[in-house]
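What follows is each chain in one-letter form.
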Amino acid sequence: MLSTMLTDESRRGPVFRHSEDRWPVACAIGVTAIDVVMYLRVGSLGWLLAYWLLMIVPKGLLSAWSHHHQHVPTFGSTTLNRMLELSYALHTGFTTNTWVLHHVLGHHQNYLDQHKDESRWKRDDGRPMGLLEYTLSVAVTAYPRAYEVGKRFPRQRRQFLVFGALTALLVSGLVAYKSVAGFILFVLPMVCSLLYTSWATYGQHCGLDADDPFQASYNNLNTWFNRLTGNLGYHTAHHFRQGVHWSKLPEVHAKIAHQIPAHLYRKSTFDMFLPHS
């Protein structure tokens, strides 16, 4: 059951399970390498802050690829997957199995029920949250809700706790050794990306109080948006077949597009992040 929720596709190779993942992995590792060089070689507060500002959006976008990886693991090797998750965690704030618990085993199962949804957009009184309130709510509760979901999945929660602790120890060591560089290059990006991701997800479901999964997600077919996020604009398809690799989502969408109402299509990249009026 759990393996089906995570992926319904078989392995295709000893290293990359899908060749399309080579570029996202190269980007994640490349950014990690730049971070390490900056940490070791740059002492100027101005340059460190400039680099942090420059990388806010790119690192935020890496959250989409971290999300895809925890739906459909990138490698056939568990060790390689854990190493990649560490790289993603340093950029996105999402450690091993955070997405699996909070998103795959949580949100995807409960997004039609705002009393249970781990990324719920409704307040307890039933009124919709505003963008800022939603962003802070999802960001602050991300780890507690992942832990709560993990009570039903002890193996995944154990990995979540162990690798989360190891990531925290590594970041703590980096900050202890070079406090300013460690904080700006590793702590700030993790916090900012967590907030950025929470903000970006507001436009995926907010305002859609539906029982029908074909009427519960907004979609964005903008080419550049989908290139940068790994086809997250095909959001109904993603919820319909969450175990499908991101590269196949346009194919899934083509099969179900006739079931998606016209008002659930966004017209531009930026519309994806705005509430439907």
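Please refer to the structure placed before this passage.
Please read all numbers here as calculations on a predicted model, not as lab measurements. Along each chain, the written sequence defines residue order, and numbers are assigned to residues from 1. Totals for whole chains, interfaces and linings use every residue, but because this is a predicted model, local features are given only for residues with pLDDT of at least 70 and side-chain atom pairs only at 80 or more, for both listing and counting. Note that the side-chain values use all heavy atoms of the structure and ignore hydrogens as well as water.

A. Representation of the packing of aromatic side chains within the structure. Stacked, edge-to-face and tilted are the three classes for Phe, Tyr and Trp ring pairs, Trp counted by its six-membered ring, which pair at centre distances within 6.5 Å; planes under 30 degrees apart are stacked, over 60 edge-to-face, the rest tilted. Taken as a whole and judged by the stated rule, the model has eight aromatic pairs. Ring geometry for Phe94 against Trp99: centres 4.5 Å apart, planes inclined by 25 degrees, an arrangement best described as stacked. Type-normalised accessible area, obtained with a 1.4 Å probe on protein chains alone, sets the label of each residue: buried when under 20%, exposed when over 50%, and partly exposed for intermediate values. Using a relative accessible area of 6% as the deciding quantity, one classes Phe94 as buried. With a relative accessible area of 7%, Trp99 lands in the buried category. Taking 5.7 Å as the distance between ring centres and 55 degrees as the angle between the ring planes, the aromatic pair formed by Tyr196 and Trp199 counts as tilted. In this pair, Tyr196 and Trp199 both sit in helix α8 (residues 179-200), three residues apart, roughly one turn of the helix. We classify Trp199 as partly exposed; its relative accessible area is 30%. Throughout this description, the term charge over a ring refers to an Arg CZ or Lys NZ atom that lies within 6 Å of the ring centre and within 35 degrees of the ring normal. The lysine or arginine in question, Lys178, covers the ring of Tyr39, its NZ or CZ lying 5.4 Å from the ring centre. What counts as a helix is a DSSP run of H or I of at least four residues, what counts as a strand is a run of E of at least two, and both are numbered from the N terminus.

B. Examining the side chain of His253 more closely. Its place among the elements puts His253 in helix α12 (residues 249-256). Of the residues examined, His253 reaches a relative accessible area of 7% and is grouped as buried. Contacts are assigned to residue pairs that have any heavy atoms within 4.5 Å of one another. Not counting residues within four places of it along the chain, the set of residues in contact with His253 comprises Leu221, Tyr234, Ala237, Ile260 and Tyr265.

C. Layout of the pattern of salt bridges. For this analysis, a salt bridge means a side-chain nitrogen from Lys or Arg found within 4 Å of a carboxyl oxygen belonging to Asp or Glu. This model, assessed by the stated rule, comprises seven salt bridges. Between Asp209 and Lys122 there is a salt bridge whose closest N-O contact spans 2.5 Å. Here Asp209, found in the loop between α9 (202-205) and β1 (219-220), pairs with Lys122, found in the loop between α5 (98-110) and α6 (131-149); they are 87 residues apart in sequence, far enough to count as distant. Look at Asp209 and you get exposed, because its relative accessible area is 53%. We classify Lys122 as buried; its relative accessible area is 17%. Measuring nitrogen to oxygen at the nearest pair gives 2.9 Å for the salt bridge that ties Glu133 to Arg123. One end of the pair, Glu133, is in helix α6; the other, Arg123, is in the loop between α5 and α6, with 10 residues separating them in the sequence.

D. Highlighting the environment of Asp124. Along the chain, Asp124 falls in the loop between α5 and α6. Among the residues examined, Asp124 registers a relative accessible area of 81% and is labelled exposed. Sequence separation of Asp124 and Val36 is 88 residues, and the distance between their C-alpha atoms is 43 Å.

Everything listed here is a matter of coordinates, which is why it stays silent on function.
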